[in-house]
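Commentary on secondary and tertiary structure
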Amino acid sequence: MFIINLTYIEPLEVVEKHLQEHINFLNHYYAEGLFIASGRKNPRTGGIILMQGMNKEVVQEIIRQDPFYKNKIAQYDIIEFEASKYCPELKTLLTNQVDGNK
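These remarks concern the structure in this document. Quick caveat, the model's predicted, so the values are computed rather than measured.

1. A look at the overall build of the protein chain
The helix and strand tally for the protein chain stands at five helices and four strands. Each helix and strand of the protein chain, placed in order from N terminus to C terminus, yields the pattern β-α-α-β-β-α-α-β-α. For a compact globule of 102 residues, the expected C-alpha radius of gyration is about 13 Å, and the protein chain comes in at 14 Å, within 12% of that figure. If you line up the protein chain on its principal axes, its C-alpha atoms span 40 × 25 × 20 Å. The proportion of buried residues among the 102 residues of the protein chain is 34%. Within the protein chain, contacts between residues separated by at least 24 positions form 68% of all contacts whose residues are at least 6 apart in sequence. As presented, the protein chain carries roughly 6500 Å² of accessible surface, and 52% of it is formed by carbon and sulfur atoms. When the 11 basic and 13 acidic side-chain charges of the protein chain are each reduced to a single mean position, those positions are 2 Å apart.

Structure (structure tokens):
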């Protein structure tokens, strides 16, 4: 599992101009079953995406498709972690992720 931490490097006016494209990007990967959760940081300095992924290289390739990345609007930090404790509702996603990696 990965945490993708976006930090805006452009003013919010620039972010807003590309926001719908970014939302379309998010929707695509939700439909693919890779994105689990996403949202803005408070204060609004960027955002977070929680994602399933096979490896960091695949995650990086997906991030390169984000309009915020393409237009140099945000900096990305990718953090990989293994969930060792989680709520029962997340078990299905984690089980699918493990099965998909075999």
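2. A look at the packing of aromatic side chains
Tallied over the entire structure, the rule returns six aromatic pairs. The rings of F25, Y29, Y30 and F35 are connected pair by pair, giving a single aromatic cluster.

3. Some words on the environment of Y29
Residue placement: Y29 occurs in helix α2 (residues 19–31). For Y29, a relative accessible area of 7% corresponds to the buried category. Linking Y29 and K41, residues 12 residues apart in sequence, is a C-alpha distance of 20 Å.

What counts and how
Residues numbered from 1 in each chain as written. Predicted model: local features only at pLDDT ≥ 70, side-chain atom pairs only at ≥ 80, totals over all residues. Heavy atoms only, no water. Helix = DSSP H or I, 4+ residues; strand = E, 2+ residues; numbered from the N terminus. Rg over C-alpha atoms; globule rule 2.2 N^0.38 Å. Buried < 20%, exposed > 50% of the residue type's maximum accessible area, 1.4 Å probe, protein only. Contact = heavy atoms within 4.5 Å. Areas by Shrake-Rupley, 256 points an atom, 1.4 Å probe, with all protein chains shown as cover. Lys, Arg positive; Asp, Glu negative; His and termini not counted. Charge placed at Lys NZ, Arg CZ, Asp CG, Glu CD. Phe/Tyr/Trp six-rings, centres within 6.5 Å; stacked < 30°, edge-to-face > 60°.

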